[in-house]
Amino acid sequence: MGTTSLRTLIDLPISLSRDAAPPLSVQLGDWLRGAMRAGALTAGTRLPSSRGLAAQLGVSRTVVTEAYQQLYAEGWLEGRHGSGTFVADLSADAAPRAPQELAPPETRRVRQAPLIDLTPGDPWVRDYDAAAWRRAWRKAADLPPGDDPDPYGLPLLRELLAGHLRRSRAIAVGPENILVTRGTGNGLDLVALALLGPGARAGVEDPGYRVARNVFAARGATIVPCPVDEDGVIVSGLPSDLRVLYTTPAHQYPMGGRLPIPRRERLLAWARRTGAMVVEDDYDAEFRYDVAPLPALYGLDPSRVVLLGTLSKSLAPDVGVGWLVGEPALLSRIAEIRQNLSDRTSGPVQQAVATLLERGDLDRHLRRMRLEYARRRAAVVEILGPVCRLRGDTAGLHVLAELPPSVVEAIVGAAASRGVLLDTTARHHHADSHVHGLVIGYGSASLTEVRRGCQILAELVACAR
């Protein structure tokens, strides 16, 4: 694919007026959008850096950055790591390849992949900073093998994670509050071993994360489904005899709600009154598209909350590093349990992640992926918003598309026959479904795949009405 040189682009007659009503960033975005629509800027055209274009136009770099970010979110631009900013290829209407036989969601990882996978749960791992990745692993390889792993995790990584959480989540923690895990599932299991026992009652959001139900049940707990609404867990209906409550307040899975501050305060008051411990899965807190994330529950009351985080969505599931944030006394109990079970997180992996954090590579990756996911989210909303109600589109890597229960399975089957794999709300319920629709993930599909898959889905929804 050919590209237009930087010189050619700058010579185009961009005209901005400080006297006009629209802000300069809006004017620049409108001009570039118009040039792309008219074909003056074609797919693959390389745009100048924000610094270079700002100097050419005599405006602040912020003006250009804001215009670029808006066009990224709308899908007009794409980033190629280490190469710059390019006009995106929006030819998503090309006919797909012949559909393949599709596996159900439970078995898709061990069978042939579908043409377009819009099921939730996976991030985009095909675009990463290869140089930073290699550098991190070279640093890990330079260290000698360890013979006495720290059950809390690598001290350097705990210190860096504390700084990361202070910056990204405004949580006042130190390394003494952090235990490095192998991910959310491992963190849940350690919490279950420390806080639950045979017959103990563990509340889990319904619909909610199946792994939490499975882990708690495997440790002998009695699972108590706790209903949610469009904002998150319903505090007024929580039982008073729960030992633990698992919740996803940043972006409820799968409904997509964001637990409001007043309800967070009521939830913590309930925990203090009943003596329950809240297990806060900080799921999707890294990716917001409207406003900054709300305060973590842990930051509001560390004595009643355990916070779980992971790199599986922000970096890659294969990394296998997460963290558990809690009060030192609880972490001491969990660390002792880990030693008794020989449970540990790989030392070289921890060192590689520490290098990514120490050099700022992980922060840069997160900033880049926020733009990438914002573009895909915008495509989902643009295409599906007119044909069905969407929930949870302000954050994360999935949305919930509400549909009449009578058409859900038919749409899933029809989409599969056209090469699009979808997930429904049914498997996320503990008992009978009371919310019906599709849980649409846009993390692991490219922008072109997301557009094409949503166009197919929109056609099927329109026909089903």
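Quick caveat: nothing in here was measured; it's all calculated off a predicted structure. (Residues numbered from 1 in each chain as written. Predicted model: local features only at pLDDT ≥ 70, side-chain atom pairs only at ≥ 80, totals over all residues. Heavy atoms only, no water.)

Draft legend 1. Broad picture of the pairing of strand β11 (residues 305–310). Most of β11 sits out of view: six of its six residues are buried. Here β11 shows no split at all, with Val305, Leu307 and Gly309 on one side and Val306, Leu308 and Thr310 on the other all buried. Pairing analysis gives four bridges linking strand β10 (residues 277–281) to β11, with the strands arranged parallel. Looking at β11, one finds that Glu280 is bridged to Leu307. Summarising the sheet, β11 and strand β12 (residues 322–325) pair through four bridges and their orientation is antiparallel. Opposite Thr310, over in β12, you have Gly322 as the bridge partner. (Buried < 20%, exposed > 50% of the residue type's maximum accessible area, 1.4 Å probe, protein only. Helix = DSSP H or I, 4+ residues; strand = E, 2+ residues; numbered from the N terminus. Pairing = 2+ DSSP bridges.)

Draft legend 2. Representation of the packing of aromatic side chains in the model. As enumerated under the stated definition, the model contains six aromatic pairs in all. Geometrically, the ring pair formed by Tyr128 and Trp133 is edge-to-face, given 6.2 Å between the ring centres and 70 degrees between the ring planes. By relative accessible area, Tyr128 is classed as partly exposed at 42%. Members of the aromatic cluster, joined through ring pairs, are Tyr209, Tyr246, Tyr253 and Tyr283. (Phe/Tyr/Trp six-rings, centres within 6.5 Å; stacked < 30°, edge-to-face > 60°.)

Draft legend 3. Expanded view of the environment of Val224. As for its placement among the helices and strands, Val224 is situated in strand β7 (residues 222–229). Taking the C-alpha atoms as reference points, Val224 and Asp206, separated by 18 residues in sequence, lie 9.0 Å from one another. With residues near it in sequence (within four places) discarded, Val224 still touches Arg201, Ala202, Gly203, Val204, Pro239 and Leu242. (Contact = heavy atoms within 4.5 Å.)

Draft legend 4. Examining the nonpolar core more closely. Judged by nonpolar contacts, the single largest core of 90 residues is most densely connected at Leu267, Trp270, Leu384 and Leu438. Looking at this core element by element, the count peaks at nine residues for helix α13 (residues 361–384). The contacts of Leu384, once residues within four sequence positions are left out, are Leu390, Ile440, Cys454, Leu457 and Ala458. Ala202, Val204, Phe216 and Val279 belong to the second largest nonpolar core, which has 28 residues in total. (Core = buried A, V, L, I, M, F, W, Y, C linked by side-chain atoms within 4.5 Å.)

Draft legend 5. Structural detail: the sheet that holds β10. If you trace the eight strands from one edge of the open sheet to the other, you get β5-β12-β11-β10-β9-β6-β7-β8, paired in mixed fashion. The outermost strands of the open sheet, each flanked by one partner alone, are β5 (178–181) and β8 (232–233). Two elements, strand β6 (residues 201–206) and strand β9 (residues 244–247), share three bridges in a ladder whose sense is parallel. From the neighbouring strand, Gly203 faces β9, where its bridge partner is Leu245. Contacting β5, β9, β10, β11 and β12, helix α7 (residues 184–195) runs over the sheet at an angle of about 155 degrees to β11. (Axes fitted to C-alpha atoms, helices over the stretch in contact; angles between N-to-C directions.)

So yeah, pure geometry; function would need other evidence.
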